[in-house]
Amino acid sequence: MTMITSTKKTSYNPFWLEMKATIGPEGGIVSDPRSDVSLIVPPGAIPETHPKQEIIVRVALKPSNFGLNQQKDLTLLGPVVECLSPGLAEFNCNVTLVVPHRAKLNPDWKFQVLHSEDKYSDPVSKFRWTVTSSNHDAKHGVHFDVDENFFRIKTSHFTTYTCAGSCSRKAPLNLQVVVYGDYVHIDGRKQTVDLRCYVCDTIKDYSHTFRVNERNGPLCVPRPINHFFDKKTKKIELFFPEDDFGTDFQWTSETFNDSLPNSREISLKHVARCCSEAIPHYEAFTLKPKDERTQVDSLEMTLKIVANGLTEIIGPIRMITMDTGRSQSPAHYTDIVSNETLREISREIPRDKWKDVYRTLHDFAKFEGSANIDIENIEHNNQSEMGEMKYQVLMLWRTKAGRQATKTALTHALRSCQLNSIADDCIKLESTI
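Rules used in this analysis
Residues numbered from 1 in each chain as written. Predicted model: local features only at pLDDT ≥ 70, side-chain atom pairs only at ≥ 80, totals over all residues. Heavy atoms only, no water. Helix = DSSP H or I, 4+ residues; strand = E, 2+ residues; numbered from the N terminus. Buried < 20%, exposed > 50% of the residue type's maximum accessible area, 1.4 Å probe, protein only. Contact = heavy atoms within 4.5 Å. Polar contact = N/O pair within 3.5 Å; in protein donor to acceptor, adjacent residues only side chain to side chain. Arc of directions from axis to C-beta. Pairing = 2+ DSSP bridges. Core = buried A, V, L, I, M, F, W, Y, C linked by side-chain atoms within 4.5 Å. Axes fitted to C-alpha atoms, helices over the stretch in contact; angles between N-to-C directions. Parallel < 35°, antiparallel > 145°, perpendicular 65-115°, else oblique. Left-handed = near helix turned anticlockwise from the far one by under 90°. pLDDT = per-residue confidence, 0-100. Phe/Tyr/Trp six-rings, centres within 6.5 Å; stacked < 30°, edge-to-face > 60°. Lys NZ or Arg CZ within 6 Å of the ring centre and 35° of its normal.

Caption draft 1: A look at the environment of T321. Locating T321 in the fold gives a position in the loop between β23 (310–320) and α2 (339–348). For T321, a relative accessible area of 0% corresponds to the buried category. For the pair formed by T321 and D297, sequence separation is 24 residues and the distance between their alpha carbons is 4.7 Å. Once you skip the residues sitting within four places of it in the chain, T321 turns out to touch Y183, Q191, V193, W251, V296, D297, S298 and L299. Reaching out from T321, the side chain makes a polar contact with the backbone oxygen of V296 at a distance of 2.7 Å. Among the polar contacts made by the side chain of T321, one reaches the main-chain amide nitrogen of S298 at a distance of 2.9 Å.

And the structure:
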């Protein structure tokens, strides 16, 4: 058992969800369909003297607001959850707080529950975190167990909780690949596309790193790659299969005097693990038009990962490569939704509607694959920020839709989800950009 003290100044409420319920001695559950966090109150936990007791459960997705990002020896695996009950000091018996986690269970993991008696206050919050490394902390009355998806924390008093863990270097990697990139148009003539292919451990929450380092959203759906390598695998190969795309493919790799070949070997020992503070490893590719006298208006391609003789396709990777300020821009591009509009619209979409909006966009565009899988990937990779989830899912739609990512398509989907005022705002925003 360890004690941590941290101080964090902030001027806003860090909780993205607040759940309330009135529960009596008969027991009940505090939950909300927007979150997998729940509090199970068994019969007898609330005394007979409190027949209508208010229970509040608040969920925060940014551990940095609580000073938890300073703990370099811990990997945070879930949200911060604060439990309150005005007028009630403690329960008569243990309740169960269910908190989701993103760990991949294996024998090398050592799990912890962090709990603090302090409550979040504004503008200064001081949290003294107690780290419980065993399943039973008799002194503080905290018990917990872990399964594939959840921590189940049993406690008899109100406090703030989060879940963490540390793993051995012998633990298997849980990798995924995601591609980011930029389009560069120099002097009205030269076009280049810079792609950055990140290889990162899915257990580590890298969403903040990507938001800081990348100006745009991902160019493809993140791809898990664990299933085709094992503990004995020392390296994987990443390459740009230019010859696979046929003679009509208009892009070629910029090798800079052969110093950046199409094929790259990645040593797995250089890939940042879940317990590392290093940024994710990435390999960069730069593409240019085969005929530099021609303006190419879009890019659609894939990358390949090879290990143990098996191949995984990364993509499709899509990007619009055009300068919207050029007078020669084709007319059919004038309706494409801008980044600025997507950011503003994402802020307006209600928390309980963003998934419906993406499913509608997905269906209208007739994308291949499952909209729910796309949503799960967005949730997994952006767990620290609800606003970022809403923005990234719109960016994913625009990336996949390419030339069809128009304001007409977006406003149609918004109106289909009964978000008429937001659709009107979309039209107004695009007319001013």
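And the narrative resumes.
Caption draft 2: Seen up close, α2. Of the residues making up α2, those classed as buried are T341, L342, I345 and S346. Around the axis of α2, the buried residues are gathered within 130 degrees of arc, so they sit on the same side.

Caption draft 3: Representation of the pairing of strand β8 (residues 90–100) in the model. Across three bridges, strand β4 (residues 38–41) lies against β8 in antiparallel orientation. Within the sheet, the bridge partner assigned to L39 lies in β8 and is L97.

Caption draft 4: Representation of the nonpolar core. Counting residues in hydrophobic clusters, the biggest one holds 64 residues, and the most contacted among them are I153, W397 and L414. Counting residues per element, this core draws most heavily on helix α5 (residues 386–401), which supplies nine residues. If near-sequence neighbours (up to four positions away) are discounted, W397 is found in contact with V337, L342, Y358, L361, F367, Q404, A405, T406, A409 and L410. With 31 residues, the next largest nonpolar core counts L195, I236, I314 and M319 among its residues.

Caption draft 5: Expanded view of the packing of helix α3 (residues 354–365) against helix α6 (residues 407–416). The contact between α3 and α6 brings their axes to 9 Å, and the two run at 125 degrees. The orientation of α3 with respect to α6, classified from their angle, is oblique. As for the relative orientation of α3 and α6, their crossing is right-handed in sense. Judged by residue contacts, V357, T360, L361 and F364 of α3 engage A409, L410, H412, A413, L414 and S416 from α6.

Caption draft 6: Geometry of unusual backbone geometry. Cis peptide bonds are those with omega within 30 degrees of zero, and the linkage from G315 to P316 qualifies with 5 degrees. Take P316: it is sitting in strand β23. For N308, which is not glycine, the phi torsion reads 55 degrees and is therefore positive. With respect to the helices and strands, N308 occurs in the loop between β22 (298–307) and β23. Phi angles above zero are rare outside glycine, and Q418 is one such case at about 60 degrees. Tracing the backbone shows Q418 in the loop between α6 and α7 (420–432).

Caption draft 7: How the structure looks around the environment of T399. Inspection of the secondary structure puts T399 in helix α5. Note: C-alpha distance between T399 and I320 (79 residues apart in sequence) is 8.1 Å. When sequence neighbours within four positions are dropped, the list of residues in contact with T399 reads P218, L219, C220 and R318.

Caption draft 8: Representation of the confidence of the model for the chain within the structure. Counting all residues, the mean pLDDT for the chain is 78, and 78% of those residues have values of 70 or more. Every residue in residues 1–11 scores below 50 in pLDDT, and together they form 44 contacts with partners more than four places removed in sequence or on other chains. Here residues 324–334 scores under 50 on pLDDT; set against residues more than four positions off or in separate chains, the count is ten contacts.

Caption draft 9: Structural view of the packing of aromatic side chains. Under the defined criterion, the tally for this structure stands at seven aromatic pairs. Where Y198 meets Y282, the ring centres are 5.1 Å apart and the plane angle is 50 degrees; that geometry is what we call tilted. Of this pair, Y198 sits in strand β16 (residues 190–201) while Y282 sits in strand β21 (residues 281–289), placing them 84 residues apart in sequence. Arranged with centres 4.6 Å apart and planes meeting at 55 degrees, the rings of F245 and F249 form a pair that is tilted. Exposure remark for F245: the relative accessible area of 23% places this residue in the partly exposed category. Following the ring pairs from residue to residue traces out a cluster consisting of F111, F144 and F151. The cationic tip of R264 hangs over the ring face of F285; the distance from NZ or CZ to the ring centre is 4.1 Å. It is R343 that lies over the ring of Y391; its NZ or CZ is 3.6 Å from the centre.

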